Each structure stands twice: as C-alpha cells, then as structure tokens.
Amino acid sequence: MGLDPAGFRSLAPKQLHYNLKVEGLTGTQAETIKEDALSGASPVTVAASSSGEAVLSGTLDALKSLIDRLKERPHAAPLALCLGEALDNSRKNEFVISGREKDLKIGPSTLIMGILNVTPDSFSDGGLFMDKERAVERAFEMYEDGADWIDIGGESTRPGAAPVALKEELERVVPVVEALAGKGFTVSIDTTKAEVAKEALEAGAAIVNDISALSMDPSMAGVCARYGAPVVLMHMRGTPRTMQKDLRYKDLVSEVYGYLWSRVEYAGENGIGRDKIILDPGLGFGKSVEGNLRLVKDLKEFKSMGLPLLIGASRKSFIGKTLGADTAGRLTGTLAVSVISILNGAKILRVHDVKEAREAALVADAVRMS
Ligand code: PT1
C-alpha cells in the first residue's frame, strides 16, 4: 500500500495476535488479571480456570500494556516479567550457545545434525559403522552433504531397545569421538551415562545429547557443568524399553513443556546455565502417532522458553505408520516433518539423510525469511 515504514512499525504490534497460556497462577494473580481485563484498560480476553490456568488473548500491543500494568502490582510483578519474556522469546530466531571452546551460533538458518550410530543393532545403519575407519568415512560423507554437527551414539534408544553396559558403550563411542573431534568435526555425544559423557568430552566432544535430560544418571549434570558442555535436554516418559506401553497424557504439549522447563531449572541448579541449553520434545519417545504429530504442529509453543529447539524425526515409526511405510520408505515423510518443524521454530534437525535434509532446510529457511 506504499505505507510509510515508520507507520508500519507502529501498526504491526496492533495487528499481531497472541494467545498466552499460563499455568500455576495464584488466586490473587488470577483475580488481578481478570480485574484488569474487565476494566477495559486494554482489549485482552482472559479465560481462567479454578485450577490456576488462564489463557490471555490479545494483540501484542494490548498484551504489552497489560504486562506494564501488572508490573506495578506487587503480587503480579513476577508474572508480568514471565509474560513479557514469553512474548519476546516467541519471536526470537537467533541464539548463541556458549560452547567449550567457542560460541555456537544457532539460527536464523537451520543446522543439520548428522546421525552416526555405532551400535550393532542400529535400525538404520545395521551396524555398518562399527569400526573407526568406516565411522570417519561416513562422517566426512555427511559433512560433504552439509552436516554442521555429527551426533555419535553407542546405545540404541529405539522403542523396546535394551540398555548397553558402560564398558561396551565406552568401547564403541570413545575412539570414534576422538577420531572425529581430532579431524575438526563438531561432535555431540548421544548418551545418558555420565562416564560416557565424561570420556567423550575428554576425547573432544563439544556437546552432550542426553535423551533423559540429565535424569538417568545423577552424575550427568555435574560432568556437563565441570566441562562447560552445552547439553540437549530431551523429553521422554519412561525408558526406551518401556516408553511405548502407555501413551496417554492429560495434555501432551503442556506436559512436555512443563517437563522440559523443570529440567532447565534442574540444570541451572547444577551449574548449567540457560546459555548452554538446547531443547527437544523427543519425537517417538513415549508418544502415540497422534501425539508426535501434535508436537510437530504445536512446536511453536515451545519457543516461549527462549531456547533453541531440536527435532529428531528421522525415519521414525510415527512417520512410517502415517504412510504405511517401512524404514526405507520414510525419507519424504521425514522431510515433510522437517519443513513443518522449521516453519514452527526448530533450529536443529537430527537426521540420517543429511543431503536431503540440508536441501529441504535451505528452501524452508528461504521461505521463512522471505
Ligand atoms: C531425538 C533422538 C535422539 N532420537 C535427540 N536424541 C534418537 N536429542 C536418538 C521410532 O519410533 O529425537 N532427539 N537420540 C532415536 N530414537 C528413536 C525413537 C528412534 C523412536 C526411532 C523411534 O521409530
């Protein structure tokens, strides 16, 4: 319409609409919010339940003016800060993770994390990459194809998979981490064991990827803190062996969100700051097909935590079940999930098929930033 850019900047916050769901409100806080909404001071709609949940709906401008008034009320000031942060975080597209040696820039472009399984029972690689030379070769191939990081794992975490003994896992992963870190690759170690994380960090790993979000081994947080290692905190309910037995949730997105936030707090209490955390809703870990699809659709809700989001959808069974395809026929479905995840805020994709994911991400990023 040929509007003056200054005019546009003042219009935009009046046109963007947000729905903020809040949990754990005190009675006083809920009353204060409802009172303000009814006063008509700014056009915000409040739907509140008796259990301390509320949804605040309105334009960015209206919500910001509500937040400003809440800041003046003694019982509502901390809530106002959270709401303000959530709104800012939801629009954030660039992150800096404080790495062990250098900062890791995450976003606005999508990063690709290539999967390197060093497990004999691995469903995708079938134990092809057990020996060190083959592993290094495969890593170079993934790098050529556009991988930013290599994720090395020695324990299968597919549904039903049994745990691997510490010694076995160490023997599988440490030589590979050492070889790849030595060649300059950015390596993450996919493990739930503190001892494996420690040896991998000694061997040059840059990041710890823990599917249990520091919960399975009480020493894990301490090791990550001591080495100053960034960590991926992932949601899982149960263990890989049992996680697919009961897939019911009262509110899946809210539970995954609440769990991840509680793990961010736990990490903080153990010396791992927010500047070192990446979050992952854990597709395929204790979720039904519908649950996984819902997490992809609602991924943008997780942006309000203000931390980079990682998605691991590659060749997983929820894609196979949606398509009626075995593992070999899941690439296109994986790419569909990848693109939707990027549009919903994912910044890192954990994938087997690096070249295809890289191309899909380049196009998705170009559309997103257009
Ligand atoms: C993941 C992930 C991971 N996935 C992170 N690490 C696996 N951060 C291993 C299936 O349903 O998503 N995020 N490390 C692999 N796990 C699974 C789970 C593989 C489920 C397959 C399925 O097929």
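Higher on the page you've got the structure.
A few points on the structure. Computed from a predicted model, the values in this text were never measured in an experiment.

Overview of helix H3 (residues 60–71)
Working step 1: End to end, H3 covers 16 Å across twelve residues, agreeing with the expected 16 Å (1.5 Å per residue, within 8%).
Working step 2: Among the residues of H3, Leu 60, Ala 62, Leu 63, Leu 66, Ile 67 and Leu 70 are the ones counted as buried. For H3, the buried positions fall inside an angular range of 165° around the axis, keeping them on one side.
Working step 3: Against helix H1 (5–15), strand E1 (17–22), helix H2 (27–39), strand E3 (54–59) and helix H4 (77–90) lie the buried residues of H3.

A look at the environment of Ala 77
Working step 1: With respect to the element layout, Ala 77 can be found in helix H4.
Working step 2: On the basis of relative accessible area, Ala 77 is assigned to the partly exposed category, the value being 23%.
Working step 3: For the pair formed by Ala 77 and Gln 29, sequence separation is 48 residues and the distance between their alpha carbons is 9.4 Å.
Working step 4: Setting aside residues no more than four positions away along its own chain, Ala 77 makes contact with Leu 70 and Lys 71.

Structural notes on the environment of His 235
Working step 1: Summarising the element assignment, His 235 is placed in the loop between strand E10 (231–234) and helix H9 (252–269).
Working step 2: Taking the C-alpha atoms as reference points, His 235 and Asp 210, separated by 25 residues in sequence, lie 9.6 Å from one another.
Working step 3: Excluding its chain neighbours within four sequence positions, the residues that come into contact with His 235 are Tyr 249, Val 256, Tyr 259, Leu 260, Asp 280, Pro 281, Gly 282, Phe 285 and Lys 287.

Let's talk about the site of the ligand
Working step 1: Looking at the ligand, there are 16 residues lining it, with Asp 190, Asn 209, Asp 280, Lys 316 and Ser 317 nearest.
Working step 2: A distance of 3.3 Å is found between a nitrogen atom of the ligand and a side-chain nitrogen or oxygen belonging to Thr 157.
Working step 3: Separating an oxygen atom of the ligand from a side-chain N or O atom of Ser 317 is a distance of 2.6 Å.
Working step 4: With the chains in place, 95% of the 500 Å² that the ligand exposes on its own is no longer accessible.

The rules we used
- Residues numbered from 1 in each chain as written.
- Predicted model: local features only at pLDDT ≥ 70, side-chain atom pairs only at ≥ 80, totals over all residues.
- Heavy atoms only, no water.
- Helix = DSSP H or I, 4+ residues; strand = E, 2+ residues; numbered from the N terminus.
- Expected span 1.5 Å × (residues − 1).
- Buried < 20%, exposed > 50% of the residue type's maximum accessible area, 1.4 Å probe, protein only.
- Arc of directions from axis to C-beta.
- Contact = heavy atoms within 4.5 Å.
- Near = heavy atom within 4 Å.
- Polar contact = N/O pair within 3.5 Å; in protein donor to acceptor, adjacent residues only side chain to side chain.
- Areas by Shrake-Rupley, 256 points an atom, 1.4 Å probe, with all protein chains shown as cover.

Such coordinate-based values are descriptive only and should not be taken to indicate function.
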